[in-house]
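Okay, here's what each chain looks like letter by letter:
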Amino acid sequence: MKPIRSLLTLLACGAVAGAAFAASPTAGMNEGKADLKSVGPIAFGPEGVLFAADTKSAAIFAIATGDTAPASGSPQLKVEAINVKLGALLGTAADQLTIDDLAVNPVSRNAWLAVTRGRGTEAAPVLVRVKSGGVLEAVSLDKVKFSKADLPNPPAEAQPGKKGNPRLESITDIVFLDGNVLVAGLSNEEFASTLRSIPFPFQAVNKGAAVEIYHGAHGAFETRSPVRTFVPFKVGNEPSLLAAYQCTPLVQFPIKELQPGAKIRGKTIAELGNRNRPLDMIVYNKDGKEWLLLSNSSRGIMKISTDNIDKAESITTRVADKQGQTYQTIEAWTGIEQLDKLDGGHALVIRREGSAQNLEVLALP
Amino acid sequence: MTRTVGVFIVAALAAACAPSSSDPKPAVPAARTAAQPLRFSMEWVAATNGGVASVEVRGLDSALLRRLEQPDMTAERWARVLAVFAESSEATPSSPLPAMLGAHSVAGGVVRFTPRFPLEPGVRYRAVFNPSALAGQRAKRAGPFTLVHFVPPRDLSPTTTVSAVYPSANVLPENLLKFYLHFSAPMSRGGIYEHIKLLDSAGKPVDLPFLEIDEELWNPDRTRLTLFIDPGRIKRGVKPLEDIGPALAEGRFFTLVIAATWKDAAGAPLKEEFRKAFRVGPQDREPPDPAKWSLAPPAAGTREPLVVGFNKPMDHALASRMLRVTSPGGRAVEGDVVLSDFERRWSFTPDEPWAAGPHQLVVQTTIEDLAGNNIGKPFEVDQFERVERRLTTSSVSRAFEIR
């Protein structure tokens, strides 16, 4: 769900942490049933590899989708009431499914949806591909090439009682960046923000290392607010991550500091005001400038300038509202629930209108 | 499931469509002679192993069966011959709905479509058989034939209740970090925050007190929800606290309300609304310190519980799993934990009688009190230097002797 173009910029730059990327991303994958127990955020890596976060299994799956034929022309991806159509495809009522994420394959420009059929305990995860022309296709995971990285879930080793493990770590976003899958998560027990970097192709022994990110906020250091969504971005010459937190600040930190066990000092570059719940973020280029587009539960869509972001001072003083990088709210973009970049000039969104969720292509503002 | 059966004779178009047939007729064996029109039966059948129901078409003539067994019967071509459409009450979009996912087969003279997913209560399933989609078939003029099976809605009598809310105390710190909501049965996911309110003493809802996370922080059984108070409403100096104030205020009374409209996993609402009234006490910014806990060692040779008294209530989930006991040999002692006295008392009953000798109570430093303070690390860290200096060991121990 993150723009591959930014990743390439970073790759070209070379000043990034982590292992060098292996020759083939599907090397070392096994063929069989990718047995996802749930599906949350999804993101594309190289050569049609889709990363899917499975909170219930505490794992990230890397699936070779084979969706590697380059797009020809502008894809037609508008699907009216896609939730009703997904319900029909999966044999259930539209109100019994959730669209958990949307990711555009940057090569084929097909849209991929992470969908959960059912709201009860029998809920089943489904990956759906939307091809140009709006055709929905449920992707079978019974016989695919895939690999899996298990995330540590501590209680199994520390619980004295005999009850099942009630702990889960919800994954709020994943991004593939230069041979590493970056995973932001939040536990349902301890309140801790973790960002985990897992080398890809996955190795049995290396489960990745978590880092703690501290960022200045009004004189105090925020240490624990969970990262909601993040995106790679080059600040000056410094490959960086921009992370939007659950409670509103936009924080920047250099990627080279993402080292195992590191405590990173992030920089708060914007306060986007209260009552925010950031959902998705993309980077795009328009009129020779780079912009951030951040969808948000209550403030609609924010178009954030990156002008002079490299010279920005960390916000450490008390502010009235909306400090740091300037932004404008795009009023016309209402009801945006999922957002990804389709191509240089367009975004693909899931937009709610009453009970219907529509898949729409919108020109980038 | 109830069987839904239809018998079709092409020439007469005698298609018996029986929605929600509670009086199922048996499938009629097809009589076939070359001179007669095509006659067949269509039936919704339950899987013998209790699995997914399927649609069967029986009594087709051998020419048609052979045609359906040809290797050129791709999934797309099959979908034109035999498909199932799931129809619920939502407004239908202007373009046609896709057919339901599933697999086709021909075996023992029976043509079968098996949906990939189980049939759902309250949904109408329309099976469509259209032999005329096959070029060169004599049934070209006929069809499509439809047979509807309606799965009756579930019994939605409310039975599920809120079984517990933690912290269980009636006085909670102003910087309380979270609630755990426990339910008597699995709950449904999606849109949960609209059912949870925090009311002030005037009965007015507090504006956005909780961290609303799309993923929703459930346990694997979906019987426990973790509800974080928005940390922006707790931390000093951050924007939401400056703008709209803390969610909770010392000295005031609040009520956590769980509306009965919240649906359980079966789709039934809760049996009743749940309310937890509490008073807000002072902030707690002091990290928990195991040295301040009371510890009463039981006698050797008994299975009496080891009782640890915390000097303040601890987080219910973390206190349940972040303390353990090691034996004189350093091995973990197996047993059961019970938390009581408003999460201030931890009792551990060993599976085997206590051995005499030195034991350790091992506590992970990531354990939290009600305000999210860890051992050696308060919830709020004001200076970066202080963060660097914080404890790096992952557990602390207290020795005790069993005699």
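Definitions and limits used
- Per chain, residue numbering runs from 1 following the sequence as it is written.
- Labels follow written order: the first chain is A, the first ligand is 1, and so on.
- Per-residue local features are limited, in this predicted model, to residues with pLDDT of at least 70; the limit for side-chain atom pairs, both in listing and counting, is 80 or more; totals at the level of whole chains, interfaces and linings are taken over all residues.
- In this description a helix means any DSSP run of H or I spanning at least four residues, a strand means any run of E spanning at least two, and both kinds are numbered starting from the N terminus.
- Note on contacts: residues are paired as contacts if their backbone-placed C-beta atoms lie within 7 Å.
- Residues with at least 20 neighbouring C-beta atoms inside 10 Å of their own are called buried, those with 12 or fewer are called exposed, and the rest are partly exposed, where every C-beta is derived from the backbone.
- DSSP calls a pair of strands paired once it identifies at least 2 bridges connecting them.
- Nonpolar cores are built from buried Ala, Val, Leu, Ile, Met, Phe, Trp, Tyr and Cys residues. These are joined into a set through C-beta atoms within 7 Å.
- Residue-level confidence of the predictor is summarised by pLDDT, bounded by 0 at the bottom and 100 at the top.
- To obtain each axis, a line is fitted to C-alpha atoms, and for helices this fit is confined to the stretch in contact; angles are then taken between N-to-C directions over 0 to 180 degrees.

### Observations regarding the overall build of chain A
- Check the secondary structure of chain A and you find 3 helices and 25 strands.
- Taking the contacts inside chain A whose residues are at least 6 apart along the sequence as the reference set, 54% of them involve residues at least 24 apart.

### Section: the pairing of strand β4 (residues 59-64) of chain A
Residue and element names in this part refer to chain A.
- The buried fraction of β4 amounts to 6 of the 6 residues, a majority that puts the element mostly inside the structure.
- Side chains of β4 alternate between two faces, with Ala 59, Phe 61 and Ile 63 and Ile 60, Ala 62 and Ala 64 buried alike.
- Between strand β3 (residues 49-54) and β4, which pair antiparallel one after the other, the connecting turn spans 4 residues, and Ala 58 there sits at a positive phi close to 50°.
- In terms of strand pairing, β4 meets strand β9 (residues 144-150) through 6 bridges, oriented antiparallel. For Ala 59, the partnering residue across the bridge sits in β9 and is Asp 150.

### What about the environment of Ala75(B)?
- Looking at the element boundaries, Ala75(B) is found in helix α2 (residues 75-81).
- The sequence separation of Ala75(B) and Gly102(B) amounts to 27 residues, and the corresponding C-alpha distance is 9.5 Å.

### Description of the nonpolar core
- In terms of nonpolar packing, the biggest core is built from 127 residues, with Phe51(A), Ala52(A), Ile60(A), Ile63(A) and Ile174(A) touching the most fellow members.
- With 6 residues, the single largest contributor to this core is β4(A).
- Not counting residues up to four positions away in its chain, the partners in contact with Phe51(A) are Ile42(A), Ala43(A), Gly45(A), Ile60(A), Ala62(A), Ile174(A), Phe176(A) and Val181(A).
- Listed in part, the 55 residues of the second largest apolar core include Leu227(B), Ala265(B), Ala266(B) and Met322(B).

### Here's the deal with helix α2 (residues 82-89) of chain A
- Summarising burial for α2(A): 8 of the 8 residues are buried, a large majority.
- Taken residue by residue, α2(A) has Ile82(A), Asn83(A), Val84(A), Lys85(A), Leu86(A), Gly87(A), Ala88(A) and Leu89(A) as its buried positions.
- Of the surrounding elements, those touching the buried residues of α2(A) are β5 (97-104), β6 (111-117), β7 (124-131), β8 (135-139) and β25 (356-363) of chain A together with β4 (82-87) of chain B.
- Positive backbone phi, approximately 70°, marks Gly91(A), located one or two places after α2(A).

### Considerations on the confidence of the model for chain A
Residues and elements named next belong to chain A.
- Counting all residues, the mean pLDDT for chain A is 81, and 78% of those residues have values of 70 or more.
- Segment residues 1-22 is flagged for pLDDT under 50; beyond a separation of four residues in sequence, or across chains, it makes 53 contacts in the model.
- Contacts from residues 318-322, a stretch scored under 50 in pLDDT, to residues over four places away or in other chains number 8 contacts.

### Remarks on the sheet that holds strand β22 (residues 395-402) of chain B
All names here are of chain B.
- As summarised here, the arrangement of the 3 strands in space is β18-β21-β22, forming an open sheet in which the pairing is antiparallel. Strands at the two margins of the open sheet, each flanked by one partner only, are β18 (323-326) and β22. Going from strand to strand, the sheet's axes swing by 25° on average, the running direction of each strand aside.
- Bridge analysis of strand β21 (residues 357-364) against β22 gives 8 bridges, and the strand direction is antiparallel. Residue pairing for β22: Val 363 is matched across the bridge by Val 396.

### Overview of unusual backbone geometry
- Following Phe200(A), the chain continues into Pro201(A) via a peptide bond in cis, with omega recorded as 5°.
- For the bond running from Tyr166(B) to Pro167(B), omega is 0°, close enough to zero to count as cis.
- Along the chain, Pro167(B) falls in the loop between β9 (162-166) and β10 (171-173).
- Positive phi, normally seen in glycine, also occurs at Arg109(A), with a value near 60°.
- By the element assignment, Arg109(A) lies in the loop between β5 and β6.
- Its identity as a non-glycine residue notwithstanding, Arg222(B) has a phi of 60°, on the positive side.
- Position of Arg222(B) among the secondary structure elements: in the loop between β12 (196-199) and β13 (224-228).

### Quick word on the sheet that holds strand β8 (residues 145-150) of chain B
All names here are of chain B.
- Across the sheet, which stays open at both edges, the 3 strands sit in the order β4-β7-β8 with antiparallel pairing between neighbours. One side of each edge strand has no neighbouring strand; the edge strands of this open sheet are β4 and β8. In this sheet, adjacent strand axes meet at a mean angle of 20° when their direction is disregarded.
- Both strand β7 (residues 124-129) and β8 contribute to a ladder of 6 bridges, which runs antiparallel.

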